[in-house]
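Report on the structure
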Amino acid sequence: MKTSRVSFAAALAAGAVLALSGTAFAHVSVQPGEAAKGGYATINFKVPNERDNASTTQLEVNFPVDQPLTSVMPQDIPGWTSTVEKTKLDKPLSVHGKQVNEVVTKVTWTGGKIEPGKFQQFPVSVGKLPDNADKMVFKAIQTYDNNEVVRWIEESKDGAPEPQTPAPVLKLTAAKPADGHDDAKPADAKGAGKDEAKHDEAAPKSGSDTTARALGIAGIVIGLGGVAFGIASRRRSA
């Protein structure tokens, strides 16, 4: 009886661990989880199907209004249709010398199906990312074909446990120096110049070796001819 109680307790604990793991990992997320500030990036909203008896048929992603993005372009996905919604800005933004009066606030994907035990990624090209923030929070709504709706809208707080339905978060990192690649170019050019000089130096040396070999072979041939001529002359004299 004691053994059966211990086994039951162990099974219950294992089930609780699995349940917590499912909650912690099987949620809508952003892949990759970070991008450079002030730039453009392609991100994927990864959506797993958490139900065993229903399929996901719709995903809605809301973009933060206080961090307006002037460019949001979803990639075509076979079987899915994307709808982009925009809103007008109270204060126009200046992008590449042009005035932008509206920005994307929501993208909705419908028509497809994510079956149980599978996931789907929804790629989106976004920019220009904020340069004065450390993260962007996208609130997502997942709908199943049994009319169940899961709202991934809870924001995680520092030092607090992860919420049950966390919102996808994109971490913004410091942009890399713009001249990082330019510094490499002169080094490459110098390296290429050295290689070319070595090649030029090696070319005459190679030509000299070839000439020497040719003259040596010619000398051997002439020498053999002289020996043969001498033998023939001796035979004639005899």
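Note that the structure is predicted; figures quoted are calculated from it, not measured.

Some remarks on the sheet that holds strand E8 (residues 119-127)
Taken in spatial order, the four strands line up as E1-E3-E8-E5 in an open sheet, and their pairing is antiparallel. Only two strands of the sheet have a single partner each, and these edge strands are strand E1 (29-31) and strand E5 (71-74). Strand after strand, the sheet turns through a mean of 30° between neighbouring axes, direction not considered. In terms of strand pairing, E5 meets E8 through four bridges, oriented antiparallel. Along E8, the bridge assignment pairs proline 74 with valine 124.

Side note on the side chain of serine 29
Structurally, the position occupied by serine 29 is in strand E1. A polar side-chain atom of serine 29 sits 3.2 Å from a polar atom in the side chain of glutamine 31. If we skip the residues at most four places from it in the chain, serine 29 touches Asn44, Phe45, Lys46 and Pro168.

Here's the deal with the side chain of asparagine 44
Inspection of the secondary structure puts asparagine 44 in strand E3 (residues 41-48). A relative accessible area of 18% places asparagine 44 in the buried class. With near-sequence residues (within four places) excluded, asparagine 44 lies in contact with Ser29, Val30, Gln31, Gln121, Phe122 and Pro123.

Notes on the pattern of salt bridges
Two side chains with opposite charge may pair up if their charged atoms get near one another. All chains considered together, the criterion is met by five salt bridges. For aspartate 134, the salt bridge is made with lysine 37, and the minimal N-O distance between the two is 3.1 Å. With a gap of 97 residues between them, aspartate 134 in the loop between E8 and strand E9 (135-137) and lysine 37 in the loop between strand E2 (34-36) and E3 connect regions that are remote in the sequence. What makes lysine 37 partly exposed here is its relative accessible area of 23%. In the salt-bridge network here, residues are joined through shared partners; they are Glu50, Arg51 and Glu148.

Details of the confidence of the model for the protein
A residue-level look at the protein finds 62% of positions with pLDDT of 70 or above and a mean pLDDT of 76. Residue range residues 6-24 is modelled with pLDDT below 50. Its contacts to residues more than four positions away, or to other chains, number four contacts. A low-confidence stretch, residues 179-208 (pLDDT under 50), is modelled with zero contacts involving residues beyond four sequence positions or located in other chains.

What counts and what doesn't
Residues numbered from 1 in each chain as written. Predicted model: local features only at pLDDT ≥ 70, side-chain atom pairs only at ≥ 80, totals over all residues. Heavy atoms only, no water. Pairing = 2+ DSSP bridges. Helix = DSSP H or I, 4+ residues; strand = E, 2+ residues; numbered from the N terminus. Axes fitted to C-alpha atoms, helices over the stretch in contact; angles between N-to-C directions. Polar contact = N/O pair within 3.5 Å; in protein donor to acceptor, adjacent residues only side chain to side chain. Contact = heavy atoms within 4.5 Å. Buried < 20%, exposed > 50% of the residue type's maximum accessible area, 1.4 Å probe, protein only. Salt bridge = Lys/Arg side-chain N within 4 Å of Asp/Glu carboxyl O. pLDDT = per-residue confidence, 0-100.

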